[in-house]
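# Observations on the three-dimensional arrangement
Residue-level listing of the chains:
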Number of protein chains: 2
Amino acid sequence: MTTSGQLILKKLVSIVGAEHVLLASTDDLSGYERDWRGRVRGKALAVVRPADTAQVSAVVSACLEAKKNGLSISIVPQGGNTGLVLGSVPDQSGQQVVLSLSRLNKVLAIDSANLTITVQAGCILQAIQQSADQAGFLFPLSLAAQGSCQIGGNLGTNAGGTQVLRYGNARDLCLGLEVVTAQGAIWSGLSGLRKDNTGYDLRHLFIGSEGTLGVITAATLKLFPKPLATLTAWAAVTSLDAALQLLGIAQKQLESGLTGFEVMGGFAVSLVAKHFPQQRIPLWQPDPILSERGYFVLLELADAESEQHARQRFESLMEQAFELGCVIDAVVAESLSQAQALWHVRESIPLAQVEEGLNIKHDISIPISSIPQFCASTDAQLQKAIPGVRLVNFGHMGDGNLHYNVQCPATGLYAQDAKGFLARYEEQVHSIVYDSVAQFGGSISAEHGIGALKRDALTHYKSPIAIELMRSIKKALDPIGLFNPGRVV
Amino acid sequence: MTTSGQLILKKLVSIVGAEHVLLASTDDLSGYERDWRGRVRGKALAVVRPADTAQVSAVVSACLEAKKNGLSISIVPQGGNTGLVLGSVPDQSGQQVVLSLSRLNKVLAIDSANLTITVQAGCILQAIQQSADQAGFLFPLSLAAQGSCQIGGNLGTNAGGTQVLRYGNARDLCLGLEVVTAQGAIWSGLSGLRKDNTGYDLRHLFIGSEGTLGVITAATLKLFPKPLATLTAWAAVTSLDAALQLLGIAQKQLESGLTGFEVMGGFAVSLVAKHFPQQRIPLWQPDPILSERGYFVLLELADAESEQHARQRFESLMEQAFELGCVIDAVVAESLSQAQALWHVRESIPLAQVEEGLNIKHDISIPISSIPQFCASTDAQLQKAIPGVRLVNFGHMGDGNLHYNVQCPATGLYAQDAKGFLARYEEQVHSIVYDSVAQFGGSISAEHGIGALKRDALTHYKSPIAIELMRSIKKALDPIGLFNPGRVV
């Protein structure tokens, strides 16, 4: 290591203490260097674990000074490192400092009358949910990684999840931020205000910028009254058009009571049935129509009055749905454990995919009205390119967000060789899907972000004007490229 | 006029046609040059009225080129010119082009299944509400100027209004934008997506930037199902603490059904009673407690089921409120016309103030939990500075937004000389109020924006780091200061 490399490490040790500067030579850095899905492992100069915002600021200032003095160094802010697009792991250079926010893990305040909770960036999402719950409120951000992801990362990537339909994305749940800038300054924007028109909205600029513009160190978040009852229903529909019709009447009848509307293709559900035969899947039978062309819909209703009232609303909805013919059959969970079992089927799809073998994943969004047409058109293009290809199509239909995954044909050359299938077709499949997304006015990244994984795709599919605006902003706020270079833009 | 001045006018005429370049020498420019409240009148080089986005782009490019060639010229984007902070009128220089969006007034598309409406920036807000209504939906942005303000201005200033509690500010209602940049390029970001994590959120950066970063030319907005019933109630409470308690139980019981929670100080209501004696004010009597220390609350409930259901919910709420003792008395409107009459009282407060004489206005927000304490503290400070001063305190309490206006004492030196009162006390009153706002973590502009009026105050009260970040962004996107110089930052 160069002398200036040694110097910066010494400086970092002086800021956070030796036990919080982790080095490959003495510590196991795999949890910081390897991405969540285990696809890549980078090589960090060091992992630094500051204790508070002042230390974050000092670390950034030290790295900035070193970089200005000619050292090739940069900072990768890292939360729970559960991202899916290679945005929070270091590259291979060995010149990146992983700035872990894990020790900034305190709930700073709960203001019941203002319906806000203020937390440090390193708080685990589930811990925030629990703090809110204990105070008698709901913090609705909810996603698969909630047991290990951190709120700073959720905000940095504008996380989505299962409650977006009612409560919005992570950015919609945030009223204020504290951020360390690329100059090492601390912007104290921890506002608990619902209205504040005093200049440009810096909060929304930092949210979703994936650690490339600043380091989020704390946030003030919205709380909501807890619903008195939550009910879950499961419906079988013959097509995406029918699912769309069901969504329309559910939105009208249940309005903001509708907190979830998840769609699952018959083939996606069949994988759960195949690999987890112990799971009871309602309305499931190896019916060729449902398993090949049909869909299941999981609906969730949160009610401010009572369970009885919630049941009446679901019944009234299903009556209309049967009348209109958009639902073949439906069940409403009778208990919490039944409701959990329904969600478990939905959440088991990614796991069933793992059992079935590697596939080509997408996290796309489409204007909701175009989802049936998009799927019909894209399915046909994929079938033409790869006869027999299988689509694991499921997602948050109420948000227009599909996890439209492509699995190799069940027979033929790649049936037993998913890796070979990926090597041969991944690029082509991405092109077909993303071209189709662009044609229907959709997004190539609905909730996962860009990171390093989709950076080239972003440049290809996003308008050049937008890319130019983003680069101007990056250059303005982080002129020497200190934060997370090679990510997003 | 200089030769280069003549040249740019000629160029503008060639872009939009002679009849759409208005000049002071031949046209009445007062509607474009004078601010909504009639306090200042600027002097425009010309008012330009492009027909479409391409013409907006050409106008911006022409001005940019002229400015690069040394002409002192800039652009003031203008919608309905109903702003309250001098953000949309030209300055006195005679060197600013007012870029009126009025002719871009088409509704471009309604997508029922996607719950979106796409409109040009010059659409009058009320026209958008009506288009939505005719299609069977609600577009909830609603404010006093809705008959003449334009959606481009609403987004440029992130307008608030009376439905923020349930539906959010203007920014929360916008999914996508089309913007002409300071380079004259057109960013086509008219997305109808509810999830899109592809880079920095340019939409939220342009929204609320008050025409200083780009010209909004079109937007895709959210639609909502129309509520089946809307009910309005009117409650008398003894204090702001009681109002706060009522808000808490209303949020818990009615959840997102609660669409309005407006608070009105007894003195504010007494002005309506005094100047508009024909208005029937429920629960009003010249009761010294209510008129001096009491408050009225206007609650609105939107229900997705039925009017009967809405009434039951209100009854249940009021029962609890009486039990807790936070409400003295309450009435629920029996008909639409009664509901309108209640809203009319609320909306008459600003008009009653005009009758009573000039006062010192504020548009502030405070964390909701701190409103009672803020008012107690600030009232006391004002009374100390100006004994007998009267507070016209009302606003959107559910959003933490108060229009906290200060009226001269009823007797004494300035009783008949409100102008003299303003000249003597305006600056001091602003200082007292804004210092107090800062102390309670509030905002000096909740929904009106900064414009030219509050620019100095912003520099004083906003954190220097935030100001620096804003200036960096302004410089990055509009390096030569073409758009609305002297506003915001």
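Before reading on, note that the structure itself is shown above.
Residues numbered from 1 in each chain as written. Chains lettered and ligands numbered in written order. Predicted model: local features only at pLDDT ≥ 70, side-chain atom pairs only at ≥ 80, totals over all residues. Heavy atoms only, no water.

### Looking at the pattern of salt bridges
Stated precisely, the cut-off is as follows: The term salt bridge refers to a pairing of a side-chain nitrogen on Lys or Arg with a carboxyl oxygen on Asp or Glu at a separation within 4 Å. Helix and strand assignments come from DSSP, with helices taken as H or I runs of at least 4 residues and strands as E runs of at least 2, each series counted from the N terminus. In this scheme, a residue with accessible area under 20% of its type's maximum is buried, one over 50% is exposed, and one in between is partly exposed, where area comes from a 1.4 Å probe on protein chains only.
Taken as a whole, this structure holds 30 salt bridges over all chains when the rule is applied. Two residues, D133(A) and K226(A), come together in a salt bridge whose shortest N-O distance is 2.9 Å. Highlighted residues: D133(A) in helix α4 (residues 125-134) and K226(A) in the loop between β11 (224-225) and β12 (229-237), separated in sequence by 93 residues. The class of D133(A) is partly exposed, set by a relative accessible area of 41%. The partner of R313(A) in a salt bridge is E305(B), with the nearest N and O atoms 3.4 Å apart. On the criterion of chain membership, the pair formed by R313(A) in helix α11 (residues 307-324) and E305(B) in the loop between β14 (295-303) and α11 (307-324) is interchain, its members lying in two chains. Note on R313(A): relative accessible area 12%, which makes it buried.

### A closer look at the packing of helix α8 (residues 240-254) of chain B against α11(B)
Residue and element names in this part refer to chain B. Stated formally: With axes taken as lines fitted to C-alpha atoms, and helix axes fitted only over the stretch in contact, angles between N-to-C directions fall between 0 and 180 degrees. Here a crossing is called left-handed whenever its near helix is offset anticlockwise from the far helix by less than a right angle, and right-handed whenever the offset is clockwise. A contact between two residues is defined here by any heavy atoms of the two lying within 4.5 Å. Put simply, Ala, Val, Leu, Ile, Met, Phe, Trp, Tyr, Cys and Pro go in the nonpolar bin, Asp, Glu, Lys and Arg in the charged bin, and everything else, Gly too, in the polar bin.
Between α8 and α11, the least distance of the axes is 10 Å, while the angle of their chain directions is 145 degrees. Of the two elements, α8 crosses α11, and the hand of that crossing is right-handed. Each of Q245, L246, I249, A250, Q253 and L254 in α8 lies in contact with α11, whose residues at this interface are R313, F314, S316, L317, Q320, A321 and L324. Looking at the contact of α8 with α11 residue by residue, the class counts come to eight nonpolar, four polar and one charged.

### Quick look at the relation of the copies chain B and chain A
Quick reminder of the rule: For this overlay, a least-squares fit was computed on C-alpha atoms, restricted to residues scoring pLDDT of at least 70 in both copies.
Least-squares fitting of chain B to chain A yields an RMSD of 0.0 Å, with the superposition described by an axial translation of 0.0 Å and a rotation of 180 degrees. A rotation of that kind, with that shift, is consistent with a two-fold axis.

### Looking at the interface of chain B and chain A
Operational definition: By convention, the term buried area covers the 1.4 Å-probe accessible surface removed from two parts as they join, with the contributions of both added. Counted as a polar contact is a pair of N or O atoms within 3.5 Å, where, for protein atoms, one must be capable of donating a hydrogen and the other of accepting one, and residues adjacent in sequence contribute only when both atoms are in side chains.
If you look at the interface, chain B gives 81 residues, while chain A gives 81 residues. A per-residue breakdown of the area chain B buries against chain A is headed by K195(B), N197(B) and Y200(B), which together make up 17% of the total. E255(B) is the salt-bridge partner of R166(A), the closest N and O atoms lying 2.8 Å from each other. Our count for the contact surface shared by chain B and chain A stands at 42 residue pairs in polar contact (both at pLDDT 80 or more). Elements with a contribution of two residues or more to the side of chain B that touches chain A: α6 (164-167), β9 (186-189), α7 (202-206), β11 (224-225), α8, α11 and α16 (464-477) of chain B. The leading source of residues in the side of chain B that touches chain A is α16(B), at nine residues. Within the side of chain B that touches chain A, the residues separate by chemical class into 33 nonpolar, 32 polar and 16 charged.

### Section: the sheet that holds strand β14 (residues 295-303) of chain A
Residues and elements named next belong to chain A. Stated precisely, the cut-off is as follows: One requirement defines pairing of two strands: DSSP has to find at least two bridges between them.
In spatial order, the strands read β15-β12-β14-β13-β17-β18-β16; together these seven strands make up an open sheet with antiparallel pairing. Each edge of the open sheet carries a strand with a single partner, namely β15 (329-332) and β16 (364-365). Bridging between strand β13 (residues 258-265) and β14 involves seven bridges; their strand directions are antiparallel. Along β14, the bridge assignment pairs G265 with Y295. Across the sheet, helix α12 (residues 336-356) lies against β12, β13, β14, β15, β17 (390-396) and β18 (401-407), angled at about 140 degrees from β17, the strand it touches most.

### Some remarks on helix α3 (residues 53-68) of chain A
Each α-helix winds once per 3.6 residues, and so residues spaced three or four apart point in a common direction. Residue and element names in this part refer to chain A. Our working definition: Expected helix span is computed as 1.5 Å times (number of residues minus one).
The terminal C-alpha atoms of α3, which comprises 16 residues, lie 22 Å apart, in line with the 22 Å expected from a rise of 1.5 Å per residue. When we look at burial in α3, the residues that qualify are T53, Q55, V56, S57, V59, V60, A62, C63, L64 and A66. N-cap assignment for α3: the residue whose side-chain oxygen lies 3.3 Å from the backbone N of A54 is D52. Immediately beyond the C-terminal end of α3, within one or two residues, lies G70, with a positive phi of roughly 105 degrees.

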